[in-house]
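Topology and contacts: notes
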Amino acid sequence: MKSTTFDYRPGFADSDADDPLSGETIEVNMGPQHPATHGVLRLGMDLDGETMVRVDADVGYLHRGKEKTAESLGWAKFFPHTDRLDYVQPLINNIGYAMALEKLAGIEIPPRAEVVRVLLMEISRIAAHLIYLGTSSIDLGAVTMFFNTFKERENIYSILDAYTGHRMNNTYVRIGGLYADVDEKVEGMMREFLTQFPARVDEFEGLLTGNRIWYDRNRDVGVISPEEAMAWSLTGPILRGSGVEWDLRKNEPYCGYETYDFEIPVGTVGDCYDRYLVRVEEMRQSCKIALQALNRLKDTPGDVLAEDRRYILPPRTKVMSSMEELIAQFKIVTDLCLPKGEAYAGVESSKGELGFFAISDGTADPARLHIRAPGLMNVQAIPLIAEGRLLSDIVAIIGSLDFVMGEVDR
Amino acid sequence: MAIVKRKELSIGEKLYLPAIFRGLSMTFRQMFKKRVTRQYPEEPLPVNEVTRGQPRLAVNDDGTIRCVSCGLCEAACPAYAITIDGQETDRFIEREPERFDIDMLRCILCGFCEEACPKDAILMSDELELADFSREALIYDVERLKRPVSQLRPRLDYVYKVNERW
């Protein structure tokens, strides 16, 4: 059977001259409390029959003023807030923010911290993509997938729990490195998870890729051409699904990503199905990178926190015994002043380029902190690809764009 | 660059029936696997020294509180959950808190207070559960925050262990 693409232009699909209701539109609101909108997104739609003539994505229902909060909260105290941007991958957010501050302060992080950061970022990416796989498939009726991906994600959260003490909102990254090193127990848990994980991905793919319903509802739905994707500044799996090879890990490497062996999966058509395939392949590649990082751990001894007495808390034993360190502790906790200037750091999060642009006027608070949330750009693409399609396609489109409203509205 | 493979459906897959059986077989196999659901209230969560639960104030073996009300935890708290008023005392440490309140509804368990404390006085315990009938009851005062240091010892040792550097 040939996959069919109809031209669902307004008034075209149902252009029945005898139908007195043809061309008459009805306004429908989807969300902000709709389970398929993945958070508090409101879609204002004009429907002509089942065709969406107009789609407006209305964001802002989860706006908490994070950027403004930062201006009165101080540099270090903003870390827990970054957790709550894209709450399915808190460690990537932490690392992105820390990288911006390190650039601003001119701190070099130790090699071991880089390796552990790569490990944590890739584990978080897998967790975020598992959420995509679970939620977008349950929206299209595949309940088995949802439970299986969430069960697998639970393993990741157990690892993070054993490492950071929290399952979500870890707050374990500091300026200049990480709070604690990965110990043998956590290392063992990670190795066990990463070795069995590729088989699980195959299992998930076996359930979905050849599934008729998944295939029909995703194939040729929500096509974004490479030019459009770039014009709308889409990043991440959506841009790569459209066939543009752009990944910050390869194009602007950070944390030593250039030394790891991995590939960037790209799609050809740019529909929901391609984005799904790209994400599944990305999970395999992430697993590969994480295993490489895990193997590097024993070859890179040392601390996970840079030695810099201006910005980083002194070791605890010295705080208890020496006056100098005690004074440093007080100064850094109460008034962590970063040098005057501005810095931008972008990381490849599971959704795209997550950037932090920090401007410092030399005081303890940021003069301005801008967060480039990939989810916001991705939401902007909804009208572009949904208008003219059938109403049932919107669920597949929202699922495949995979945004988290905490980050979109921030 | 690796271009992802878009496969066309085979005749068997188009029939949809094999997919149904595949899904069902996965469900069926789960019956013989280990159950992953935790019966939470009856089966408590595993806690250890890494767990960052609610912050508690360490009390020495002689019953005196370690806190000297320097206010560093208050300054480090990103959620503004801690309120301290200090007072003088005849003890050797010279200062102690007259009032030490942690609003547990505001606390986000980030552990910054523990990291900031220069006296090992505030530590993240393994206590996680939090429920009451009013908001006021969840603002914990010194008496409710006090824990003997022996109870917090594993966490204290862990904090020293991970902060061993330079």
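Cut-offs applied
- Residues numbered from 1 in each chain as written.
- Chains lettered and ligands numbered in written order.
- Predicted model: local features only at pLDDT ≥ 70, side-chain atom pairs only at ≥ 80, totals over all residues.
- Heavy atoms only, no water.
- Pairing = 2+ DSSP bridges.
- Helix = DSSP H or I, 4+ residues; strand = E, 2+ residues; numbered from the N terminus.
- Axes fitted to C-alpha atoms, helices over the stretch in contact; angles between N-to-C directions.
- Contact = heavy atoms within 4.5 Å.
- Buried area = accessible area lost by both parts, 1.4 Å probe.
- Salt bridge = Lys/Arg side-chain N within 4 Å of Asp/Glu carboxyl O.
- Polar contact = N/O pair within 3.5 Å; in protein donor to acceptor, adjacent residues only side chain to side chain.
- Nonpolar A, V, L, I, M, F, W, Y, C, P; charged D, E, K, R; others polar.
- pLDDT = per-residue confidence, 0-100.
- Buried < 20%, exposed > 50% of the residue type's maximum accessible area, 1.4 Å probe, protein only.
- Domains from an automatic or database assignment.
- Phe/Tyr/Trp six-rings, centres within 6.5 Å; stacked < 30°, edge-to-face > 60°.
- Lys NZ or Arg CZ within 6 Å of the ring centre and 35° of its normal.
- Patch = residues over 30% accessible without salt bridge, like charges linked within 9 Å, V, L, I, M, F, W, Y side chains within 5 Å.
- Areas by Shrake-Rupley, 256 points an atom, 1.4 Å probe, with all protein chains shown as cover.

A short note on the sheet that holds strand β2 (residues 42-48) of chain A
Two modes of strand pairing occur in sheets, parallel and antiparallel, and in both the strands are linked by backbone hydrogen bonds. Residues and elements named next belong to chain A. Taken in spatial order, the three strands line up as β1-β2-β3 in an open sheet, and their pairing is antiparallel. Looking at which strands have only one partner, the edges of the open sheet turn out to be β1 (26-30) and β3 (51-58). Adjacent strand axes in the sheet meet at a mean angle of 20 degrees when their direction is disregarded. Where β1 and β2 come together, five bridges link them in antiparallel fashion. If you follow Val28 over to β2, its bridge partner there is Met45. Across the sheet, helix α14 (residues 374-386) is in contact with β2 and β3; its angle to β3 comes to roughly 170 degrees.

Some details on the interface of chain A and chain B
If you look at the interface, chain A gives 70 residues, while chain B gives 50 residues. Area buried by chain A at its contact with chain B is led by Lys77(A), Tyr179(A) and Arg316(A), which between them contribute 14% of it. For the interface between chain A and chain B, the tally reads three salt bridges. Put simply, Glu203(A) and Arg29(B) hold a salt bridge, and the shortest N to O gap is 3.7 Å. Applying the counting criterion to the chain A and chain B interface returns 13 residue pairs in polar contact (both at pLDDT 80 or more). Here the side of chain A that touches chain B gets seven residues from one element, more than from any other, and that element is helix α5 (residues 143-164) of chain A. Looking at the side of chain A that touches chain B, its residues break down into 31 nonpolar, 18 polar and 21 charged. As defined by bridge partners, strand β6 (residues 265-266) of chain A adjoins strand β1 (residues 2-3) of chain B across two bridges and the pair is classed as parallel. Residue Val266(A) lies in a different strand from β1(B), and its bridge partner there is Ile3(B).

Quick look at the environment of Val59(B)
Residue and element names in this part refer to chain B. With respect to the element layout, Val59 can be found in strand β2 (residues 55-59). Along the chain, Val59 and Val149 lie 90 residues apart, while their C-alpha atoms are 5.4 Å from each other. Every residue in contact with Val59, bar those within four places of it in the chain, is listed here: Thr64, Lys146, Arg147, Pro148 and Val149.

Concerning the confidence of the model for chain A
Close reading of the predicted structure is inappropriate where its pLDDT is low. For chain A, the mean per-residue pLDDT works out to 86, and 94% of the residues sit at or above 70. Across residues 1-13 of chain A the pLDDT falls below 50, and counting only partners more than four positions away or on other chains, this stretch makes 15 contacts in the model.

Considering unusual backbone geometry
Despite not being glycine, Thr171(A) shows a phi value in the positive range, around 50 degrees. With respect to the helices and strands, Thr171(A) occurs in the loop between α5 and β4 (173-174). A relative accessible area of 1% means that Thr171(A) is categorised as buried. Of note, the phi angle at Leu109(B) is positive, near 55 degrees, even though the residue is not glycine. Mapped onto the elements, Leu109(B) comes out in the loop between β4 (95-103) and α4 (112-116).

Quick notes on the domain arrangement of chain A
All names here are of chain A. Examined at the domain level, chain A breaks down into domain 1 (1-61 + 375-390) and domain 2 (66-306 + 338-372). Listed as interface residues are 13 residues of domain 1 and, on the opposing side, 18 residues of domain 2. Interface area, domain 1 with domain 2, both sides summed: about 1300 Å², of which 61% is carbon and sulfur. Per-residue buried area on domain 1 facing domain 2 is highest for Met377, Asn378 and Leu384; these three make up 39% of the total on that side. For the pair domain 1 and domain 2, the number of links is zero salt bridges. The interface formed by domain 1 and domain 2 holds two residue pairs in polar contact (both at pLDDT 80 or more) in total.

Looking at the packing of aromatic side chains
Across all of its chains, the model carries 15 aromatic pairs over all chains by this definition. When the centroid spacing of 5.5 Å and the interplanar angle of 75 degrees are considered together, the rings of Tyr215(A) and Tyr273(A) count as edge-to-face. Within this pair, whereas Tyr215(A) is found in helix α7 (residues 212-218), its partner Tyr273(A) is found in helix α11 (residues 272-297), the two being separated by 58 residues in sequence. With a relative accessible area of 6%, Tyr215(A) lands in the buried category. Given a relative accessible area of 0%, Tyr273(A) falls into the buried group. Look at Tyr273(A) and Tyr276(A): their rings are 6.0 Å apart centre to centre, the planes differ by 45 degrees, and that puts the pair in the tilted class. In this pair, Tyr273(A) and Tyr276(A) are both assigned in helix α11, three residues apart and thus about one turn of the helix distant. In terms of burial, Tyr273(A) and Tyr276(A) fall into one category: buried. The lysine or arginine in question, Arg316(A), covers the ring of Tyr160(B), its NZ or CZ lying 5.8 Å from the ring centre.

Examining a nonpolar patch on the surface
Residue and element names in this part refer to chain B. A cluster of nonpolar side chains, Ile11, Leu15, Leu17, Ile20, Phe21 and Leu24, forms an exposed patch at the surface whose accessible area comes to about 650 Å². If you list the elements that add at least two residues to the nonpolar patch, you get α1 (11-15) and α2 (17-30). Of the residues forming the nonpolar patch, the biggest block, four residues, is contributed by α2. Along the chain, the position of Ile11 falls in helix α1. The class of Ile11 is exposed, set by a relative accessible area of 70%.

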